[in-house]
Amino acid sequence: MSLNKTPRRRAFGIPAGGWIALAVIAVALAAVAAWQMRPRPVKDPYRFAAVERGDITRSVSASGSLQALVTVDVGSQISGQVTRVLADFNDEVRAGQTLAIIDPQTYQSRVAQSQADIAAGEAAVRQAEATLANAQADFNRKRTLVDQGFYSPSVLDQATAAFRSAQASVAAARARVNQSRATLRSQQVDLGRTTISSPIDGIVVDRKVEPGQTVAASLQAPVLFTIAQDLSKVEVKIAVDEADVGQLREGQTVRFTVDAFPDDSFQGVLTQVRKQPTTEQNVVSYTVIAEAENPQRKLLPGMTANADIIIDTRRNVLKVPAASLRWTPPSETGGRTTSAAGGGAMMGGPGFGAPPGAPAANRQAGGGAARIVEQLDLDAKQRKAWEPIQADLRQKSAAAFASAGGDRTALRDAMRKNLDEAFGKLTPLLRADQRQTLATLRAGMAQGAGDAAGMAGGTVYVLRDGKPAPVAVRVGATDGTSTQIVGPLKAGDQVIVGGGPRPKARVATPMSGGTGGGARVKM
């Protein structure tokens, strides 16, 4: 039996390592094939949003501070040392309740002195009255003797003078008594002012005095306490920018929050729009006042309020994102076209069919024509055909402006007639999709010229057959995020708010003169 064994031959003569390598290569090829066959995302996809039905609220946002409806500073009209303080922070007080006492000794002494002066004056009055009685008796006696011829008339004259002097002394003494009584009343008033009392029912929100403190009221009354009346209602003092104050009216709803209760929302009513301006760093603002209920006493004076003043609310209306009214498809000239509602291109600029210097209201025809034609995405042949039509429109528009003589109605009718004629010449040159776009955009332009409900014209885009198609709508109120619309769309329809193919840029060549005749290059 031989010890040498013949090795077994491997299948197809390929070693085991070769099979492993082949398996790795097959897996790699399968992975590459799967990668190539994966669903590819749509290049430059559009972003959509649904038309919704809901409320739109226009508001003016501003900040302010809370304060009590009535706040009283309680001070002292006299000077002296405070001996007792009977009220503290947050104490509820009643009208007439004693809050503090100033040392009354000085004022008590003055009252006693005035009372003594009165007593002395009354004694002087009695003395003067006695003198008057004696002078009157002497006058009567001497008058009788003069009448009988025992005395000369000069004696009667002297008696008369003495009598009248006595009468004057009595009047002076009585006047001094009245003066002393007035001084007593003044001293008694000052004595009463040593007791500081609350003038209203309310809550002590500030106390600025301590026992032993000396109050000096020589120039102005120092404030000892601040009392807020009835914190079940508060006042919101709001600073509103001059650009927004023209929209404010008394009775409008005010919603606000405070930092102390960020999860709570409070509501009040606008009660006053003050006409006095406040200027800080060249920024002009006006103060408006709102009143709000505070039944739980959660709102405290001095809190910062972040307020929204409700200008207008539209209930249960169709609305779209504001971005959908600004979005337009890219044009062939590089950049996006200008929406009929979104604005952007100057209406009636030079070369667009409206005469320079025409009023803005009457340049709409030329500007609208320019925007509409640009959105039709004309090819080179169509653009060439449009140029003489545009030149003719420009001339007729200038002639209409000159002949109207300031009559806006006549000018508007002439402009509309010129536009109808120009688009009538252009329509046979357009493709079917361009004609549909032209009809839609012209409808939106007509709506933009004015609406009985005060709504302007606008355009949104929807995707039809893989391409954006304009839809003319009427645009109403907006809150900055959503905008009210009226038109053929309904709730649930999808409108384009962004995305899509990037705009193409047109590079000018010497032959084209930079006016659109060069090669197109993708940016």
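Here goes a summary of the coordinates provided. All residue numbers here refer to positions counted from 1 along the written sequence of the relevant chain. Only residues with pLDDT of 70 or above have their local features reported here, since the model is predicted, and side-chain atom pairs are shown and tallied only from 80 upward, although totals for entire chains, interfaces and linings are computed over all residues. Only hydrogens and water are removed before side-chain values are computed, so all heavy atoms of the structure are retained for them.

## A few points about helix H2 (residues 105-148)
The terminal C-alpha atoms of H2 lie 65 Å apart, and with 44 residues this matches the ideal 64 Å at 1.5 Å per residue to within 8%. Where H2 is concerned, the buried positions are Tyr 107, Val 111, Ser 114, Ile 118, Gly 121, Val 125, Ala 128, Leu 132, Ala 135, Phe 139 and Val 146. Between two residues, a contact is recorded if the distance between any of their heavy atoms is within 4.5 Å. What counts as a helix is a DSSP run of H or I of at least four residues, what counts as a strand is a run of E of at least two, and both are numbered from the N terminus. Where H2 is buried, its residues meet helix H3 (153-192). Multiplying 1.5 Å by the residue count of a helix minus one yields the expected span of that helix. When accessible area is computed with a 1.4 Å probe and restricted to protein chains, residues below 20% of their type maximum are described as buried, those above 50% as exposed, and intermediate ones as partly exposed.

## Some points on the packing of aromatic side chains
Any pair of Phe, Tyr and Trp rings, taking the six-membered ring for Trp, is counted once the centres come within 6.5 Å. Such a pair is stacked with planes under 30 degrees apart, edge-to-face with planes over 60 apart, and tilted for the rest. Applying the stated criterion to the full structure yields 6 aromatic pairs. With centroids separated by 6.4 Å and ring planes inclined at 55°, the aromatic side chains of Tyr 46 and Phe 48 adopt a geometry described as tilted. Given a relative accessible area of 19%, Tyr 46 falls into the buried group. Phe 48 gets classed as partly exposed once you look at its relative accessible area, which sits at 37%. Of the aromatic side chains, those joined through ring pairs into one cluster are Tyr 46, Phe 48, Trp 327 and Tyr 461. Here Lys 298 stacks its cationic end above the ring of Phe 261, 4.7 Å away from the centre of that ring. Whether a charge sits over a ring comes down to the Lys NZ or Arg CZ being within 6 Å of the ring centre and within 35 degrees of the ring normal.

## Quick look at the pairing of strand S11 (residues 261-280)
Each pair of strands is called paired provided DSSP finds at least two bridges between the two strands. Where strand S10 (residues 253-258) lies against S11, 5 bridges are found, and the strand directions are antiparallel. Across the sheet, residue Thr 253 finds its bridge partner in S11, namely Val 269. The antiparallel pairing of S10 with S11 creates a hairpin that spans 2 residues between the two strands. Summarising the sheet, S11 and strand S12 (residues 283-293) pair through 9 bridges and their orientation is antiparallel. Along S12, the bridge assignment pairs Gly 268 with Ala 292. Taken together, S11 and the strand that follows it, S12, pair antiparallel across an intervening segment of 2 residues, in which Gln 281 is found at a positive phi of about 55°.

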